[in-house]
Protein chains: 2
Amino acid sequence: MEIFGPTVQGEGMVIGKKTRFVRTAGCDYRCSWCDSAFTWDGTGKDDIRLMHPEEIVRELTALDGSPPDHVTLSGGNPALLPQLGALIAALRSAGAVVALETQGSKWQDWFLDIDELTISPKPPSSGMETDWAALERIALRLAQGGRHFSLKVVIFDEADLVYAAGVHLRFPSIPFYLQAGNDHLGEKDRTQLLKDLLVRYEWLVERVVADAGWRDVHVLPQLHTWIWGNKKRRIRRQ
Amino acid sequence: MEIFGPTVQGEGMVIGKKTRFVRTAGCDYRCSWCDSAFTWDGTGKDDIRLMHPEEIVRELTALDGSPPDHVTLSGGNPALLPQLGALIAALRSAGAVVALETQGSKWQDWFLDIDELTISPKPPSSGMETDWAALERIALRLAQGGRHFSLKVVIFDEADLVYAAGVHLRFPSIPFYLQAGNDHLGEKDRTQLLKDLLVRYEWLVERVVADAGWRDVHVLPQLHTWIWGNKKRRIRRQ
Ligand code: SF4
Ligand code: SF4
């Protein structure tokens, strides 16, 4: 567990929201461009802590002395952890709205307790294969549980865009987000990084607005990269 | 009326959404930093056209040959026009989701028919005075009509931030957005503009995350300025 914030959510359906993060370790994927590889490749091993829900709520509160109003659970893939259900219950009884993102490879019953759930299947550039049956099952169970969620696909190239169109077509009624990928994870010069990010975002916007086939879609950058660059952690106040 | 798009919404609760714009002429305000002054200061006079709802839907469709899925009504202050009700009805029967932003100085009954309504009261830096009674009345009528909406305040300085905190406090249950203002309307050098915009946005984020009093809030840039700079029109395809 890594706990940080308050900061601002940089992506997806709650972009811009002031939030605190809890990041879980471990992932069943190995995306080529993963920006959180330290959660699963061993390099973040020393940061891994086992914590009880009450302890986590306490640390989240200690970040700025106020109880958390909004908490984002991120990873790795938090859906590997059945025991997150207890944390989610504790966060909600502390008064927090809970957001979570996962790639849609695994189901947990506590998905039904997430206020702002994003399923983010990984496009071809990640090097991963989508388990469509698992994704369909998750969407079905969320629909049956009356739970709203959004879909998000990170886009690096044309093949990713074709893949994303396929996802949107499979789930036409689910709010759909395209996110410009950051393929300059190594770039340390912030002005250069900003220009590169802007070029990627502009390209994606232009492709989507020029194609009448793209309907009912959001196109977003990864805002936190614009602000904080390629730093491992966004903001840490401990 | 000015009709353009498809483009991407750069602000507020529907940031990133692919949309088409209809911009109305005329405003009851004269904000010092208005980026749409051409709608009311006479410089855009030759662009003003009187159009029937069906004609507007036809033009919106002609933009890329597909019926509009999402339309943003902007201004000026569109709330000056009682006759927009007929346009909104026509857009919705054409299958479009309708978004609209207004400063909250005037009520129209068609507010109740807007899917994504943003009320954006103007802070001290605008030079305008807020009519709090009018704003309260609008919020009350929207609540009575069961209509969700969001509040957005553009921030240029500390006094604006104090003002925004007051608005948030008056309407604590309404989704609240802070937007970094662009005080470089004259800047033509895009790299310089980009740096300035980033500094403004970073400042706003830092102020909000460092202050435990700011709860349940979104902090966003004006994305379209990052992409298209200070051009009068975002994207025009006609
Ligand atoms: S699913 Fe997410 S955390 Fe896992 S490897 Fe891919 S990008 Fe990284
Ligand atoms: S209310 Fe909006 S359109 Fe009117 S002057 Fe102010 S910024 Fe410009």
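This one's a predicted model, so the numbers in the text were calculated from it and none came from an experiment.

A. Summary view of the UniProt feature "binding site: S-adenosyl-L-methionine" (unreviewed entry) in chain A. Residues and elements named next belong to chain A. Here the UniProt-annotated "binding site: S-adenosyl-L-methionine" (unreviewed entry) positions come out as Trp33, Cys34, Asp35, Gly76, Ser120, Pro121 and Lys122. With respect to the element layout, Trp33 can be found in the loop between β2 (18-23) and α1 (53-62). Those residues in contact with Trp33 that sit more than four places away from it in its chain are Lys122, Pro123, Ser125, Ser126, Val154, Phe156 and Leu185. Looking at where Ser120 falls in the secondary structure, it is placed in the loop between β5 (116-119) and α3 (132-144). Among residues more than four places away in sequence, those in contact with Ser120 are Glu101, Thr102, Gln103 and Lys152.

B. Region of the structure containing the layout of surface pockets. Within this model, the largest pocket holds a volume of roughly 1200 Å³. Around the largest pocket sit 41 residues that line it, and Met13(A), Glu116(A), Tyr177(A), Met13(B) and Tyr177(B) are the ones nearest its centre. Breaking the lining of the largest pocket down by element, the ones donating at least two residues are β6 (149-155), β7 (176-180) and β8 (218-220) of chain A together with β6 (149-155), β7 (176-180) and β8 (218-220) of chain B. Its residues assigned to classes, the lining of the largest pocket shows 20 nonpolar, 11 polar and 10 charged.

C. Focus on the pairing of β7(A). All names here are of chain A. Across the five residues that make up β7, a large majority, five, are buried. Burial of the side chains of β7 extends over both faces: Phe176, Leu178 and Ala180 are buried on one face and Tyr177 and Gln179 on the other. This β-α-β element, β6 to helix α4 (residues 158-170) to β7, shows right-handed connectivity. Looking at chain direction, β7 and β8 are connected through three bridges and run parallel. Residue pairing in the sheet places Gln179 in a bridge with Leu220 of β8.

D. The arrangement of the sheet that holds β5(A) in detail. Residues and elements named next belong to chain A. If you walk across this open sheet you meet the eight strands as β1-β2-β3-β4-β5-β6-β7-β8, and the pairing is mixed. One side of each edge strand has no neighbouring strand; the edge strands of this open sheet are β1 (2-8) and β8. Adjacent strand axes in the sheet meet at a mean angle of 25°, parallel and antiparallel pairs treated alike. Both strand β3 (residues 70-74) and strand β4 (residues 97-102) contribute to a ladder of four bridges, which runs parallel. By the bridge assignment, His70 is partnered in β4 with Val97. Strands β2, β3 and β4 of the sheet are contacted by helix α2 (residues 84-93), whose axis makes an angle of about 165° with β3.

E. Representation of the site of ligand 1. The full set of residues close to ligand 1 is Cys27(A), Tyr29(A), Arg30(A), Cys31(A), Cys34(A), Trp40(A), Gly76(A), Gln103(A) and Lys122(A). Looking at side-chain class alone, the shell around ligand 1 contains five nonpolar, two polar and two charged residues.

F. Looking closely at helix α3 (residues 132-144) of chain B. Residues and elements named next belong to chain B. Between its terminal C-alpha atoms α3 stretches 18 Å, which fits the 18 Å expected from 13 residues at 1.5 Å a residue. Among all positions in α3, only Ala134, Leu135, Ile138, Ala139 and Leu142 are buried. Looking straight down α3, one finds its buried side chains confined to an arc of 135°; they lie on one side. Within α3, the exposed residues directed more than 90 degrees away from the buried face are Arg137, Ala143 and Gln144. Residues of α3 that are buried make contact with β5 (116-119) and β6. Looking one or two places after α3, you find Gly146, whose phi comes out positive at around 65°.

Rules used throughout
Residues numbered from 1 in each chain as written. Chains lettered and ligands numbered in written order. Predicted model: local features only at pLDDT ≥ 70, side-chain atom pairs only at ≥ 80, totals over all residues. Heavy atoms only, no water. UniProt positions renumbered as here; feature names shortened; annotations may be inferred. Helix = DSSP H or I, 4+ residues; strand = E, 2+ residues; numbered from the N terminus. Contact = heavy atoms within 4.5 Å. 1 Å grid on protein atoms, 1.4 Å probe; cavity = no way out; pocket = protein on both sides within 12 Å on 5 of 7 lines; lining within 4 Å. Points joined across faces, edges and corners; volume = space filled by probe spheres on them. Nonpolar A, V, L, I, M, F, W, Y, C, P; charged D, E, K, R; others polar. Buried < 20%, exposed > 50% of the residue type's maximum accessible area, 1.4 Å probe, protein only. Right-handed = clockwise from strand over helix to strand, strands pointing away. Pairing = 2+ DSSP bridges. Axes fitted to C-alpha atoms, helices over the stretch in contact; angles between N-to-C directions. Near = heavy atom within 4 Å. Expected span 1.5 Å × (residues − 1). Arc of directions from axis to C-beta.

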